[in-house]
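Residue strings, one per chain:
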Amino acid sequence: MSFALASSALSGPAFAQIAKDAVRIGVLNDQSGPYADPQGPGSVASARLAIRDFGGKVLGKPVELLVGDHQNKADIGASIARRWIDVDGVGAIVDFGNSAVSLAVQDLAKNKAVIINVSSVTDRLFGDACSPTAFVWNYDSSTIANAIGRAAVKAGGNTWFLIVADYSFGQSLQQQIERVVVPAGGKIVGVARHPVATTDFSAYLLQAQASGAKVVAALNAGDNTINTIKQAGEFGLVEGGQKIAGTAFYITNVHALGLKTAQGLQFVVPFYWDQDDASRAFTRRWRAERGTDAAPSHLQAGVYSAVLAYLRAVEAAGTDDPVKVSEKLRELPVNDFYAQGAKVRADGRLMKGMTLYEVKTPAESKGPWDYLKPVRAMPADEIIRPLAESNCPYAKAN
């Protein structure tokens, strides 16, 4: 499958304006820490597939992939990004998976490189911290809150206890959950914040249990979410009548928990590996690239789409100049297995709908990684914050 052929007539080597000897893309994420499973090396494999599908070259120059591990530290992520942009000539940085890292890199890279946030969730990335050369390709805190918060309150979950990862990602989720739940008639009865490196959630769960909240929301991700839900089961929260809400939740979390523990949990994602023929075809190739029988997460699928969209935009612009490429990213529709005909708004938000899924029971599953069943498809304009409510200075200026 080659996407280069479809757009090869848009520009040619004679018009190429590539600043370096190659077009370089960096995948910057958590390669070995608590969030590595749904992103990490799997996102790198997705980027490689996208580059290969495009043909390995753009405007006559080879496409090279760099990989960095930010270790969930904003200073390390910013240092890697600065070196990539200033020394190595990287034109685009993709993924992240830590909102603090994304915010730091997006700020320093403004008009110097294209930034495509796939795994970071804070809605500030297309809000007050937006950039003319930055994009959000997956979901975000306000979208998660809109989809999960309103549905839970309508179902009777009108009192909430929040277990929050204590950095910009978790803080943003908390703000958005409060913004949705309270006007809908719900009440936040308690909040407990934890460091990213936490493994023992007993103190936070005891507070949640004592609060009597009908909904205990895990506003964290990766291993933090897995440990929260596992330990909630050990403390008997669900047996006691409380519901656990997953926010930034991944298929890898379901796998780690097992269907017996995770069954019935609902969460929203923009991609599921078994949703259609195109997604299953990508999964087969991704598995071969990784040498695994696991399934790609929606983050890893999003990295493929983001890298492919960037390369198409470079070719259409006839240059790797980040401002001109960003203009093309906003102009061209996204057409791949991840998103069909989706457009990018002025604030950099990809208008991609999502689906509410429920984790199957063990009896419903037909085999390995057959974990989810769709509940309701939600179009982008139903759940993504409207552009009219944006506080993105760039979007308002245009």
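Above this text sits the structure in question.
These figures come from a predicted structure and were not determined experimentally. (Residues numbered from 1 in each chain as written. Predicted model: local features only at pLDDT ≥ 70, side-chain atom pairs only at ≥ 80, totals over all residues. Heavy atoms only, no water.)

A.B. asks: Explain the sheet that holds strand β8 (residues 187–194) residue by residue, including any values.
C.D. replies: Across a sheet, strands are paired by hydrogen bonds formed along the backbone, either parallel or antiparallel in direction. Pairing is parallel across the open sheet formed by 4 strands, whose spatial order is β8-β7-β9-β10. A strand with exactly one partner marks an edge of an open sheet, and here the two such strands are β8 and β10 (243–246). With direction set aside, neighbouring strand axes in the sheet form an average angle of 20°. The pairing of strand β7 (residues 159–165) with strand β9 (residues 215–219) spans 5 bridges and is classified as parallel. Pairing of I163 across the sheet is with A218, part of β9. This element, helix α6 (residues 168–181), spans β7, β8 and β9 of the sheet and lies at about 165° to β7. (Pairing = 2+ DSSP bridges. Helix = DSSP H or I, 4+ residues; strand = E, 2+ residues; numbered from the N terminus. Axes fitted to C-alpha atoms, helices over the stretch in contact; angles between N-to-C directions. Contact = heavy atoms within 4.5 Å.)

A.B. asks: Tell me what's going on with the packing of aromatic side chains, and back it up with residues and numbers.
C.D. replies: Counted by the stated rule, this structure contains 10 aromatic pairs. Aromatic pair F282 and F337: ring centres 4.2 Å apart, planes at 20°, arrangement stacked. With F282 in helix α11 (residues 277–290) and F337 in the loop between β12 (334–335) and β13 (340–342), this pair connects stretches of sequence that are 55 residues apart. For F282, a relative accessible area of 2% translates into the label buried. In this structure F337 comes out as buried when scored by relative accessible area, which is 10%. These aromatic residues form a ring-pair network of at least three members: F271, F282, Y304 and F337. Cation over ring: R385 sits above F126, and NZ or CZ is 4.5 Å from the ring centre. (Phe/Tyr/Trp six-rings, centres within 6.5 Å; stacked < 30°, edge-to-face > 60°. Buried < 20%, exposed > 50% of the residue type's maximum accessible area, 1.4 Å probe, protein only. Lys NZ or Arg CZ within 6 Å of the ring centre and 35° of its normal.)

A.B. asks: I'd like a rundown of helix α2 (residues 40–54), residues and numbers included.
C.D. replies: Compared with the 21 Å implied by 1.5 Å per residue over 15 residues, the 22 Å span of α2 between its first and last C-alpha is a close match. Of all 15 residues that make up α2, 12 are buried, and the element is covered over most of its length. (Expected span 1.5 Å × (residues − 1).)

A.B. asks: Talk me through the packing of helix α12 (residues 298–317) against helix α13 (residues 322–331); I want residue IDs and the actual numbers.
C.D. replies: Relative to each other, α12 and α13 sit at 110°, their axes nearing to 8 Å. One finds that α12 runs roughly perpendicular with respect to α13. As α12 packs across α13, the resulting crossing turns out to be right-handed. Across the interface between the two elements, A309, Y310, A313, V314, A316 and A317 of α12 pack against K324, V325, K328 and L329 of α13. The residue makeup of the contact of α12 with α13, split by class, is 8 nonpolar, no polar and 2 charged. (Parallel < 35°, antiparallel > 145°, perpendicular 65-115°, else oblique. Left-handed = near helix turned anticlockwise from the far one by under 90°. Nonpolar A, V, L, I, M, F, W, Y, C, P; charged D, E, K, R; others polar.)

A.B. asks: Please provide a residue-by-residue account of the sheet that holds strand β11 (residues 266–269), values included.
C.D. replies: Taking strand neighbours across the sheet as the criterion, the 3 strands line up as β11-β14-β15 in an open arrangement whose pairing is antiparallel. The open sheet has two edge strands, β11 and β15 (372–378), and neither has a second partner. With strand direction ignored, the average angle separating the axes of adjacent strands in the sheet is 30°. Where strand β14 (residues 354–359) meets β15, 6 bridges bridge the pair, whose relative direction is antiparallel. Along β15, the bridge assignment pairs Y357 with P374.

A.B. asks: Provide a residue-level description of the nonpolar core, including the pertinent values.
C.D. replies: By size, the foremost hydrophobic cluster in this structure holds 76 residues, and its most contacted members are I116, W137, V254, V307, Y310 and L311. The element best represented in this core is α12, accounting for 11 residues. Formed by 34 residues, the second largest nonpolar core is a distinct cluster that contains Y139, W160, A221 and A380. (Core = buried A, V, L, I, M, F, W, Y, C linked by side-chain atoms within 4.5 Å.)

A.B. asks: Pulling in residues and values, what's your account of empty space enclosed by the protein?
C.D. replies: Overall, the coordinates contain 3 cavities of 30 Å³ or more when judged by the stated rule. Roughly 60 Å³ of internal volume is contained in the largest cavity. What lines the largest cavity is a set of 13 residues, and nearest its centre among them are G97, S119, Y167, A221 and Y250. Looking at the lining of the largest cavity residue by residue, the classes come out as 7 nonpolar, 6 polar and no charged. Approximately 50 Å³ is the volume attributed to the second largest cavity. In this structure, the second largest cavity is lined by Y250, I251, F267, V269, F271, Y272, W273, P296, S297, H298 and L372. Partitioned by chemical class, the residues of the lining of the second largest cavity number 9 nonpolar, 2 polar and no charged. (1 Å grid on protein atoms, 1.4 Å probe; cavity = no way out; pocket = protein on both sides within 12 Å on 5 of 7 lines; lining within 4 Å. Points joined across faces, edges and corners; volume = space filled by probe spheres on them.)

A.B. asks: How would you sum up the pairing of β7? Please name residues and give values.
C.D. replies: In regular strands, side chains alternate between the two faces of the sheet. In terms of burial, β7 is a largely internal element, 7 of the 7 residues being buried. Going residue by residue along β7, you find T159, F161, I163 and A165 tucked away on one face and W160, L162 and V164 tucked away on the opposite face as well. In terms of strand pairing, β7 meets β8 through 7 bridges, oriented parallel. Looking at β8, one finds that L162 is bridged to V191. A crossover connection joins β7 to the parallel β8 through α6; in handedness this β-α-β unit is right-handed. (Right-handed = clockwise from strand over helix to strand, strands pointing away.)

A.B. asks: Help me get a handle on the packing of helix α5 (residues 141–154) against α6, residues and values and all.
C.D. replies: Axis separation between α5 and α6 bottoms out at 8 Å; the angle between their running directions is 40°. For the element pair α5 / α6, the angle class is oblique. Taken as a pair, α5 and α6 cross one another with a handedness that is right-handed. Residues S141, S142, I144, A145, N146, G149, R150 and V153 of α5 pack against S172, L173, Q176, I177, R179, V180 and V181 of α6. Of the residues in the contact of α5 with α6, the class split is 7 nonpolar, 6 polar and 2 charged.

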